[in-house]
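What the coordinates show
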Amino acid sequence: MSSGAGTGDERQTGLPWREDLMANTGKSGVGAAIIALLTSPGFAVITTWRIAKMLRFQTRWGHQITWLLVRMLMKRGCYISVLAEIGPGLILPHPTGVVIGEGARIGRSVMLYHNVTLGRRAWDEPGCPTIGDNVVIYTGAVLVGPISLGEGVNVAANAVVTRDVPPNAVVAGAPARVVRAEAPGRKRA
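Residues numbered from 1 in each chain as written. Predicted model: local features only at pLDDT ≥ 70, side-chain atom pairs only at ≥ 80, totals over all residues. Heavy atoms only, no water.

Observations concerning the side chain of Thr 47
Take Thr 47: it is sitting in helix α4 (residues 41-55). At 2.8 Å, the side chain of Thr 47 and the backbone oxygen of Phe 43 are in polar contact. Among all residues touching Thr 47, those that are not within four sequence positions of it are Trp 17 and Leu 37. (Helix = DSSP H or I, 4+ residues; strand = E, 2+ residues; numbered from the N terminus. Polar contact = N/O pair within 3.5 Å; in protein donor to acceptor, adjacent residues only side chain to side chain. Contact = heavy atoms within 4.5 Å.)

Pasting the structure below:
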């Protein structure tokens, strides 16, 4: 896996909002950010999450503000734990139903479609997925347990991934199996 999905430290340095904005809109600047916050639900979700994560330990009222922001995300129909690590450039075309559990680690330029779940196998088992850079996870996919997805992986819709996936593979099915060792030219729609 590339360095983007390594430890969460290098991914959380700086402010990844510009990369999030560029990934979601192809534009940068204050005007583009304001328009994206009003018109792009995915960009609004990831921006709200980044603010919640930043404020969690920064201010006297950080926990309370974080709780309110996470509740705002839940009203949008998604849950992203502030204990997750998310690299810059996350794209959520339709964020409804997205669940990212605590301990999940997501690399750079990852795209998650609606109803994607990244979580534990059971509530009392540790370990959430680690997602490499440039991964696309399509609608309804479920990734559970302490697994790793290599860079450039495509996960088909409704796949249930419970094992590690090598870089650039395409996985599909329940349970998911590698259906192509090399992903064809990735298309983001």
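A short note on the sheet that holds strand β14 (residues 177-180)
Strand order across the open sheet formed by 5 strands is β5-β8-β11-β13-β14, with mixed pairing between neighbours. Sheet topology places β5 (111-112) and β14 at the edges, where each strand pairs with a single neighbour. In this sheet, strand β13 (residues 170-172) lies alongside strand β11 (residues 154-155) in parallel orientation, the contact comprising 2 bridges. Residue pairing across strands places Val 155 opposite Val 171, the latter belonging to β13. (Pairing = 2+ DSSP bridges.)

Notes on the nonpolar core
Counting residues in each nonpolar core, the largest one holds 44 residues, and the members touching the most others are Ile 100, Leu 112, Leu 118, Ile 137, Leu 149 and Val 161. At the level of secondary structure, the elements contributing two or more residues to this core comprise α3 (30-39), α4 and α5 (62-75). With 6 residues, α4 is the single largest residue contributor to this core. Apart from the residues lying within four places of it in its own chain, the contact partners of Val 161 are Val 142, Leu 143, Val 144, Ile 147, Leu 149, Val 155, Val 171 and Ala 176. (Core = buried A, V, L, I, M, F, W, Y, C linked by side-chain atoms within 4.5 Å. Buried < 20%, exposed > 50% of the residue type's maximum accessible area, 1.4 Å probe, protein only.)

Quick look at the packing of helix α2 (residues 17-25) against α4
Following both chains from N to C, one finds α2 and α4 inclined at 170 degrees, their axes separated by 10 Å at the closest point. Judged by the inter-axis angle, α2 sits roughly antiparallel to α4. Contact with α2, carried on its side by Trp 17, Asp 20, Leu 21 and Asn 24, involves Phe 43, Ile 46, Thr 47, Arg 50, Ile 51 and Met 54 of α4 and no other residues of that element. (Axes fitted to C-alpha atoms, helices over the stretch in contact; angles between N-to-C directions. Parallel < 35°, antiparallel > 145°, perpendicular 65-115°, else oblique.)

Some thoughts on α5
One turn of the α-helix equals 3.6 residues, which is why residues spaced by three or four share an orientation. The terminal C-alpha atoms of α5 lie 20 Å apart, and with 14 residues this matches the ideal 20 Å at 1.5 Å per residue to within 8%. Gly 62, Thr 66, Leu 69, Val 70 and Leu 73 are the residues of α5 that are buried. The buried residues of α5 occupy an angular sector of 100 degrees when projected down its axis, which confines them to one face. The outward face of α5, more than 90 degrees from its buried face, is lined by the exposed residues Trp 67 and Lys 75. Residues of α5 that are buried in the fold lie against α4 and β1 (79-80). Where α5 ends, the next residue or the one after it, Gly 77, has phi of about 90 degrees, a positive value. (Expected span 1.5 Å × (residues − 1). Arc of directions from axis to C-beta.)

Remarks on the confidence of the model for the protein
With 88% of its residues at a pLDDT of 70 or more, the protein shows a mean pLDDT of 83. Every residue in residues 1-14 is under pLDDT 50, and counting partners more than four places away or in other chains gives 36 contacts. (pLDDT = per-residue confidence, 0-100.)

Points about the side chain of Asp 20
Tracing the chain through its elements places Asp 20 in helix α2. Classification of Asp 20 as buried rests on a relative accessible area of 0%.

Side note on the sheet that holds β1
Reading across from one edge, β1-β3-β6-β9-β12 is the order of the 5 strands in this open sheet, with parallel pairing throughout. Edge strands, defined here as strands with exactly one partner in the open sheet, are β1 and β12 (160-161). Examined bridge by bridge, β1 and strand β3 (residues 99-100) share 2 bridges and lie parallel to one another. Counterpart to Tyr 79 in the pairing with β3 is Val 99.

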